[in-house]
Every structure is written in C-alpha cells, then in structure tokens.
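Single-letter residue listing:
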Amino acid sequence: MVTATTLQADILRHLSFTVGKDPQNATLFDWRMALSHACRDRIMEPWFAATRRTWAEDRKRVYYLSMEFLIGRLLEDATINLGLHEEAEAAMRALGQDFRDVVGDEPDAALGNGGLGRLAACFMESMATLGCPSYGYGIRYEHGLFRQSFNAGRQIEAPETWLDHPHPWEFDRPEAQYVIPFKGHVETRNGAAVWVPGESVFAQAHDTPVIGWQARWANTLRLWSARPTDPFDLERFNHGDYTAAAQPETLARTLSRVLYPDDTTYQGKELRLKQEYFLTSAALQDILRRYLQSHADLRALPKHVAIQMNDTHPAIAGAELIRLLVDDHRMEFREALHIAQRCLGYTNHTLLPEALERWSTYTFGTVLPRHMQIVEQIDGWHLEEHRARPHYVGIVKHHEVRMGELAFITSHRVNGVSALHTDLVRKNLFPELNALHPDRIINQTNGVTPRRWLKMCNPALSGLITDTIGSGWEADLDRLKALEPHVTDPAFLRAFGEAKRTNKVRLAAWLQRTTGVVVDPDALFDVQVKRIHEYKRQLLNILETVARWKAIRENPDAGWVPRVKIFAGKSAPGYAVAKEIIHLINDVAAVVNNDPVTGDLLKVVYPANYNVSMAERLVPAADLSEQISTAGKEASGTGNMKFMINGAPTIGTLDGANVEILQEVGADNFFLFGLTAEEVVKRREDPEHARHAIEASQPLLDVLQMIAEGRFSPDEPERYHQLVHRVWNHDYFLVASDFDSYIQAQGEVDRAFSDRDRWLKMAALNTARSGYFSSDRTIRGYMNDIWDIDPAI
Ligand SMILES: *Cc1c(COP(=O)(O)O)cnc(C)c1O
C-alpha cells in the first residue's frame, strides 16, 4: 500500500542516493528525477510479471514497428496509471515542491511529427492497459521534432534537445545489439545468395516500460540507437589526427541523430532509407532471436508473432524477414514469403500522392542490394500467382520501388484508419490489388487513450464524470453514455460549464504568459491545432477571421459573440506555402489584437512550439474544435477525437473520422459544412472553380482584397500577393469553394453559443457519446481482426 508518506520517503531516498543531492539545495530537476525514480520503481514489478507470464504461457506477441513515437511527457502519466497521482501531489507538497512545476519540468519526448506518431504512443498505452503482450520498436532520435519559435511572425526552427539531461524512463541494454549491414554486393555461393555488405553499424537497444491503467500489465518500448562497428581509430588518434579518428563514430551516429521533420512528404534521401532499414532490421533480428529462445521451428512463427507496420516506413519488413529466413535459416523462398505474409500487417495512413514512399531502384539497390533481388522475386511471384494483374500494377515500376505495394503484397491485412479513408484506400489507392485480394483491406478507426486525453489532462471534467457516473469509465469509455440522462439536469450542466471555465481560465493565464495576449475566459475559444498543411486549411480559418474582423468593425454593436481564435502547429521546414500561412496568421493577429474597435470581441493567438504537452493544455479548454480539411484528404485525425471527448463540438467537413464523430454525436451537435469527398472531385473538373466561387462571394472578395492590399503587412504590402494569387488560380484544396459554407456554419456556432444551456448540452453530449474513440476499442479491433491475439488479463 503506497501512501503519500511512503512515497515521500522514497523520493528523499532517491534524491540522496540516485540523484546525489541534499534536499537543501536540490533543484526542480533534481526533485523531478527523485519523483520519477520513486514512481519508476513501482513499474518494475508489473513489468517483470508481465514478461514472465508471456514467457511462461508462451503467448503470442505484437511487434509495433514505427518510425515515430510522439510520447510527450511520462511522469504524470505514470502516476495516473499507477494510481499514485494524489499521493504524488501530496508528497511533493509535503516536501515544499509544486507538483505541477515538477511535472512541467520534463521535456517532451517528441520522437514524431504529429498524428501518426501520437497514434503509436496511444496504441502502446492501450496495449498495456488491455494486457496485449507487445513491443514497440522505434528509433531513439537524439533530436526529435525541431523546436519552433517566431521571429516577426515567421517560423524559426531550432534543434530539440530532449536528451540534454538524463532521461529517467529508459534502460540501456548494451547486451541487445545487432549488426545492421548496408550497401556492398551480393555473391552466389553454393547456389545461395550471400550479401557482402559495404558498411555496417550496430543497433543498440534502449527500453522504456509502458505501464497500463491500474498497473495491471506493462510492455516495452524498445528504441534503437546507432553505434559504430569499427572501433575508434586509436592509431590515428595517437598520431594527432583527431577528426579522422572519430570518423566511423560520426558516420554511425548520423543514423539515429534526427527525426525527419516532414509528415506528409518524403524526400527520397538515402539517409532516410537507411534509418528505415536500421529500425526494421534491428527489430526483426530481435524478434527472431526471442522466438528462437523458446522455439525451434520457424514455420510456426505466425502463431507466435504479429508484426504491424505503421505506414510504409518499415515496409521493408517483408523483404527483410524473407532475407533472414532464406539466407540465414535456409528456408525456401515461397515458404518464407508465406510466413512473412501471415506475420505482417500494414496500416495505411494517407492517400496524398506525395506521401507515398517510392525509392528509385538506384538508391534502393545501392543501399540494400540483396533486398532489391528479393523485392523483384516477390513481385515476380505475385504476378505469377495473379496472371490477371494489370501491367501497370506491381512493386517495381518505372525504375521505382513502391513501398505501399510492397507492404500490401507482403501482408495478410491492410487497414485504413477511418471508415471513409478505408473506402478510399479500396477504391482509389489500391483498386487492382483490392480486386485480387478482396478480404485483405479492412478498417480500424483510430482512437486516443482516455487516460492521457481525459483523466490526466482534464482533472476538472474527469472529476465531474466520476462524481456523476462513478469510476470505471477510464478503461471502458462507452460508459460515458451514462452521462446522457444528466444533460437535461441544470445542476449537471452548470457543473460541466464550470469545469470548462476552470480550464479556460488556466489557459488564458498561460496564453498571457507565453504570448502576451490577454483573452477573456468567457469568450468562445475556437481552436485549430495540428500540423500546418494546405489540406488542413488553416488558411480557410484565417480568412474567416479576417471576414469576421471586418464585419465586427462595420457593426460593432451587433451583439457579437466574443471569440478567441487559437492556432498552434509546426510547418515542415521546407514547406514554403505552409510557412507563409503561419506568417499570415501572425500578421493578422498583430493587427486584430491591437484594434480598439473590435477589442475583446476578437483575439487571435498563436503560441509557438505545439507539442503533446501543449495539446494537453489546449484541448480541455476548447469550446470549438476546428476540423476543416478538404474532404477526402485527412485520413482520420485524432485531434478531432481528443476535442470531442473533452466536450468541444466540432465545426468540420465530412472527412476522416469526422464522419464517424458526426454519426455518434448526431447532426444537432456538430457544425457540418463544405463539399463532400465526391463533390470535391467533381468541383475540380471546373478549371475556374476558385474564380467562380470568389466572384460569387462578396465577403471572400473583400477579404482577399484586404490581404492583397497589405492591410496586415503594412511594412511590405506585396507580401501576400503570391498567396492571394494562388487562391484565385491554384486553389487545389478548395478554400474558395467552401468559404461561404464555412462562414455560415460559423454563424450557427455563434447562435448556438449565445444560448448557454443549448451549448452546454451540446458540449456534454459530445463527451457522453465519445466512447467509440478510445484507442482501447481500436486495439481490440487490431487484436481480433489482424493479430489474432487474446488479452492476457
Ligand atoms: C493529437 C496530436 C496530433 C494530431 O492532430 P490532428 O488534428 O489529428 O492532425 C498532432 N500533434 C500533436 C502534438 C497531437 O497531440
């Protein structure tokens, strides 16, 4: 039984013996380390127990391969899942420390770009909660996603340094080390292929325990760092050539140095391909080693091993597994392929053509010469099996290796991440392969973990939920349905409104500290936070903001609902159009926030450096969730789910999981606007679609005119000429066509918000009907439909 007192003793013990500090002069960092170790101690027993049981019962394991894990902070999450949150707060208080400051001292582990990496982190937590024996495999990037700041409104990138200080959650595993070969050539010896690599690195493991809800199970996140296989060149060093002596080291370390900061495009860079193979080969060697510790027959591998590829980044896994089985274990190619297929599953995350990885056969064949042969063999086999396969379908086409096709053909299941997305994967992305393999593509709509995204980030609302329907909803989110009868109870609605207001007051204070902008907590907090991308249409939102500003100025006494427009998000460093949108938002903010006419009726804030911790702050305080992508472009979204769970109705298009959110919450509690995915395609048939839409909309004409005239860039009036020109002439994402419909929906939002009871009821119904979007539901789906695995608890 852990009490605040025993925890306090543990913290002091760790402060002395682990951190080596006297409480008298311990810093915030020291206290955080001491508390982290005291909590970490309590993860060990469930972690070992889970591992022992998995071995003892010879359970099937899931291996989740992902180039990204957007984890965020771990300390508070650990206290929540260990059931120690109150004790930890009390212990820190007794020690004269502020728990929130201690928790806030932890840097975010930002080993991902956005939704895809955050999904991997939510899945790890849900697998631990459900007792699904699993390992997450990723790369231990020295530098995660860059740190964003603004200089005169422009995005500036700085390296991120989460490993500057000791990271208390990981354990180095120097004994878990594998050679990862690259390049060279392939020889034939005794009729067998032998890869003679040209270079190699070691992959070394670092393990982080992932503790589930109530500490009933724990799994491992195993991240790999690269080290040189060539020892340090002592001879050169002794001769004074220090730089040359360190060269093997420099080469190896670049492999796990940085996360590529593009989330929807790939550059075809050799280093990226090497990183992908580095992760995949290390994982597969580790998987086979573990399997062979207790089994002799590799033909039974699919009974014991399920491998999930998070997007195409680890899509080399099929070819690598076949290589290991054929070259190292002398298996016949077809048998190896069959085994690989039954082990592997592939999750598709995007339809955007620029995001679908394709490597030139030159790059691929140079870096991975043996895999080039195997990929061609797989392609040849597939064509032989499916003579009806159209000539333009295949893995290797036009001197490129297509990783989507490779992943598809080497997997037994391919899943999309929302109902609409899966439909489009079948119809538009892989129509021919789907016809040949009609049962392979299935849907698994994304989810988010309610422990982090409700219990932890929103104590005000989770307290109210527990007071109203009891506990248990944390691991059974469908129970939120029990809130529904309460949404007609004025006392409940009042309490719901107070919880939201508490969060808004906290956010307002933080916004003032970080951006200097003072906002009214009673205004409508209208939030769009996510990566900046043309398809996500932050531009549509800021154009509406300008239209609103103009309308308020023209008629300030028209009973406007005060609004705070909150933007946050990073752009890929090389994505010029996205960076221009960031600049415009900041320019509009500078003008609007200093306008005495509009005053508190409209504010625009853009806190820099969006990450998981910032999301945990913004989501609980949102009144309105902006999910306004061009229909057909957002595969699922998970931000949309976080907002719904926390009681923010959505203004959105029929895109990704918005479709299912609308279905669950009902049309009365969702602000729908815009063209459907089908209408979008139709609309583009008119080459003048933007011109026609703009000419039909006086508000849009006015807004574009103001921006073009330099109203928001008086120091450089031409700054946005290009941007305005693009809206008129190259509006691929249909900002103009959806503008009027969006303005109208925003008007509906104003009307709904002015009726406080109506609004609170909508907000509460969003929470009550959000149970479907728990990642526990998603993981159960993967366990049943893809992995064929039973929970251990
Ligand atoms: C949830 C989350 C995302 C994904 O947001 P979308 O709106 O689905 O794109 C991206 N970044 C962070 C930090 C998140 O927490």
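Quick summary incoming for the structure in this document. Computed from a predicted model, the values in this text were never measured in an experiment. (Residues numbered from 1 in each chain as written. Predicted model: local features only at pLDDT ≥ 70, side-chain atom pairs only at ≥ 80, totals over all residues. Heavy atoms only, no water.)

Attention shifts here to the overall build of the protein. For the protein, the count of helices and strands is 33 helices and 24 strands. In terms of C-alpha radius of gyration, the protein reaches 27 Å, essentially the compact-globule figure of 28 Å for 793 residues. Here the C-alpha coordinates of the protein stretch approximately 90 × 70 × 65 Å along the principal axes. A burial count over the protein gives 60% of its 793 residues as buried. Within the protein, contacts between residues at least 6 apart in sequence are counted, and of these 77% link residues at least 24 apart. Looking at the protein as shown, the accessible area adds up to about 29,700 Å², and 50% of this sits on carbon and sulfur atoms. One way to put it: in the protein the 87 positive side-chain charges average out to a point 2 Å from where the 105 negative ones average out. (Helix = DSSP H or I, 4+ residues; strand = E, 2+ residues; numbered from the N terminus. Rg over C-alpha atoms; globule rule 2.2 N^0.38 Å. Buried < 20%, exposed > 50% of the residue type's maximum accessible area, 1.4 Å probe, protein only. Contact = heavy atoms within 4.5 Å. Areas by Shrake-Rupley, 256 points an atom, 1.4 Å probe, with all protein chains shown as cover. Lys, Arg positive; Asp, Glu negative; His and termini not counted. Charge placed at Lys NZ, Arg CZ, Asp CG, Glu CD.)

This next bit is on the site of the ligand. The environment of the ligand is made up of 14 residues, and the closest members are Lys-530, Lys-536, Thr-638, Gly-639 and Lys-642. Here an oxygen atom of the ligand and a side-chain polar atom of Lys-530 are 2.7 Å apart. One of the backbone nitrogen or oxygen atoms of Gly-639 is found 3.0 Å away from an oxygen atom of the ligand. When the ligand sits alone it has 390 Å² of accessible area, and the protein chains cover 96% of it. Contributions of two or more residues to the shell around the ligand are made by α24 (612-618) and α25 (639-645). The class makeup of the residues in the shell around the ligand is five nonpolar, six polar and three charged. (Near = heavy atom within 4 Å. Polar contact = N/O pair within 3.5 Å; in protein donor to acceptor, adjacent residues only side chain to side chain. Nonpolar A, V, L, I, M, F, W, Y, C, P; charged D, E, K, R; others polar.)

Here we come to helix α10 (residues 270-294). Across its 25 residues, α10 extends 37 Å between first and last C-alpha, which sits within 8% of the 36 Å expected from 1.5 Å per residue. Among the 25 residues of α10, 19 are classified as buried, and the element is accordingly described as predominantly covered. (Expected span 1.5 Å × (residues − 1).)

If you look at the biggest cluster of nonpolar residues, it comprises 188 residues, and the most contacted ones within it are Ile-11, Phe-278, Phe-364 and Trp-787. Once you skip the residues sitting within four places of it in the chain, Ile-11 turns out to touch Trp-31, Ala-34, Leu-35, Ala-38, Ala-91, Met-92 and Leu-95. Core analysis: the second largest hydrophobic core is formed by 55 residues, Ala-547, Ile-628, Tyr-720 and Ala-752 among them. (Core = buried A, V, L, I, M, F, W, Y, C linked by side-chain atoms within 4.5 Å.)

Turning our attention to the packing of aromatic side chains. Within the structure shown, the criterion is met by 23 aromatic pairs. Taking the centre distance of 5.8 Å and the plane angle of 75° together, the rings of Tyr-64 and Phe-123 count as edge-to-face. A residue pair is termed long-range when its members are at least 10 positions apart, and Tyr-64 in strand β1 (residues 61-65) and Phe-123 in helix α6 (residues 115-130) qualify at 59 residues. You can call Phe-123 buried: its relative accessible area is 0%. Site record: aromatic cluster; members linked through ring pairs are Tyr-63, Tyr-135, Tyr-137, Tyr-178 and Trp-224. (Phe/Tyr/Trp six-rings, centres within 6.5 Å; stacked < 30°, edge-to-face > 60°.)

Let us look at the state of the cysteines. Overall, the coordinates contain zero disulfides when judged by the stated rule. Note on Cys-39: no disulfide assigned, nearest cysteine sulfur contributed by Cys-457 at a separation of 19 Å. Of all cysteine sulfurs in the structure, the one in Cys-122 sits closest to Cys-457, which takes part in no disulfide; the separation is 11 Å. A relative accessible area of 6% means that Cys-457 is categorised as buried. (Disulfide = S-S within 2.5 Å.)

This next bit is on the sheet that holds strand β12 (residues 305-310). By definition, the strands of a sheet pair up through backbone hydrogen bonds, in either a parallel or an antiparallel sense. Sheet architecture is open: nine strands sit in the order β7-β10-β11-β4-β1-β12-β13-β17-β18, paired in mixed fashion. Every interior strand has two partners, whereas the edge strands, β7 (171-182) and β18 (441-443), have only one. With direction set aside, neighbouring strand axes in the sheet form an average angle of 25°. In terms of strand pairing, β7 meets strand β10 (residues 199-211) through nine bridges, oriented antiparallel. Following the sheet pairing, Gln-177 is matched in β10 by Gln-204. Helix-sheet contacts for helix α2 (residues 28-56) involve β1, β7, β10 and β11 (218-228), and the interaxial angle to β10 is about 110°. (Pairing = 2+ DSSP bridges. Axes fitted to C-alpha atoms, helices over the stretch in contact; angles between N-to-C directions.)

On to the packing of helix α23 (residues 576-592) against helix α30 (residues 721-729), then. How two helices sit against one another is set out by the angle between their axes and by the gap between those axes. Taken N-terminus to C-terminus, the directions of α23 and α30 make an angle of 115°; their axes are 11 Å apart at the nearest point. Relative to α30, the element α23 is oriented roughly perpendicular. As α23 packs across α30, the resulting crossing turns out to be left-handed. Residues Val-577, Glu-580, Ile-581 and Leu-584 of α23 lie in contact with α30, whose contacting residues are Gln-722, Leu-723 and Arg-726. Among the residues making up the contact of α23 with α30, the classes are represented as four nonpolar, one polar and two charged. (Parallel < 35°, antiparallel > 145°, perpendicular 65-115°, else oblique. Left-handed = near helix turned anticlockwise from the far one by under 90°.)

A few words on the pattern of salt bridges. Summed over the entire model, instances satisfying the criterion amount to 59 salt bridges. Here Arg-358 ties to Glu-400 by a salt bridge, and the two come within 2.9 Å at their closest N and O atoms. Of this pair, Arg-358 sits in strand β14 (residues 358-360) while Glu-400 sits in strand β16 (residues 400-402), placing them 42 residues apart in sequence. The exposure class of Arg-358 is partly exposed, given its relative accessible area of 32%. Each of Asp-526, Glu-544, Arg-548, Arg-563, Lys-565, Glu-626 and Asp-750 takes part in one network of salt bridges that share partners. (Salt bridge = Lys/Arg side-chain N within 4 Å of Asp/Glu carboxyl O.)

The quantities given are spatial measurements derived from coordinates; they are silent on function.
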